[in-house]
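Tertiary structure, described
Single-letter residue listing:
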Amino acid sequence: MAGKSQQMGASIEEIASVSKEAAAGIEQTSASSQQTSSSMEEVSRSSEELARMAEKLKGLVSEIQDLNVLITISAVFFIL
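Residues numbered from 1 in each chain as written. Predicted model: local features only at pLDDT ≥ 70, side-chain atom pairs only at ≥ 80, totals over all residues. Heavy atoms only, no water.

Examining the overall build of the protein chain
Convention followed: Secondary structure follows DSSP: runs of H or I at least 4 residues long count as helices, runs of E at least 2 residues long count as strands, and numbering of each begins at the N terminus. Restricting the calculation to C-alpha atoms gives the radius of gyration, and the globule rule supplies 2.2 Å times the number of residues raised to the power 0.38. To be clear on the numbers: accessible area is Shrake-Rupley with a 1.4 Å probe, and residue cover counts the displayed protein chains and nothing else. Residues counted as positive are Lys and Arg, residues counted as negative are Asp and Glu, and His and the chain ends are not counted. Every charge is mapped to an atom, namely NZ of Lys, CZ of Arg, CG of Asp or CD of Glu.
Along the protein chain, the regular secondary structure elements total 1 helix and 0 strands. In terms of overall dimensions, the protein chain is more spread out than a globule: its C-alpha atoms have a radius of gyration of 34 Å, far above the 12 Å expected for 80 residues. Each principal axis of the C-alpha distribution contributes one length, and for the protein chain these read about 115 × 15 × 5 Å. Here the protein chain displays about 7,400 Å² of accessible surface, and carbon together with sulfur accounts for 63% of that area. Separation between the mean location of the 6 positive side-chain charges and that of the 11 negative ones in the protein chain comes to 3 Å.

What to know about the pattern of salt bridges
Applied cut-off: Salt bridges are defined by distance alone: a side-chain nitrogen of Lys or Arg within 4 Å of a carboxyl oxygen of Asp or Glu. Throughout this description, buried means an accessible area under 20% of the type-specific maximum (1.4 Å probe, protein chains only), exposed means over 50%, and partly exposed covers the range between.
Scanning the entire structure with this criterion turns up 2 salt bridges. Of the charged contacts, one joins arginine 52 and glutamate 49 as a salt bridge, the two residues approaching to 2.8 Å between their closest N and O atoms. Within this pair, arginine 52 and its partner glutamate 49 are both found in helix 1 (residues 2-79), separated by 3 residues, close to a single helical turn. Between glutamate 55 and lysine 58 there is a salt bridge; the shortest N-O distance is 3.6 Å. On the criterion of helical spacing, the pair formed by glutamate 55 and lysine 58 is a turn pair, its members being 3 residues apart in helix 1. You can call glutamate 55 exposed: its relative accessible area is 51%.

Right, dumping it as structure tokens:
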């Protein structure tokens, strides 16, 4: 009877140890998930900012092209 009691106690200790390890793993996974989520939010914000910058750049390029056309027309009239 004492042997079975000791065996049961050892099994309970082993289960407790495995449970603690599993809990630590879950906490680590949770922390990693939170960090990944935070990183993804930052990537999303950066992507949105890049899209705004691209639109602004597109507008500036269009203005430069318009100026080039005006300069070309002015040069043609100057030559004439």
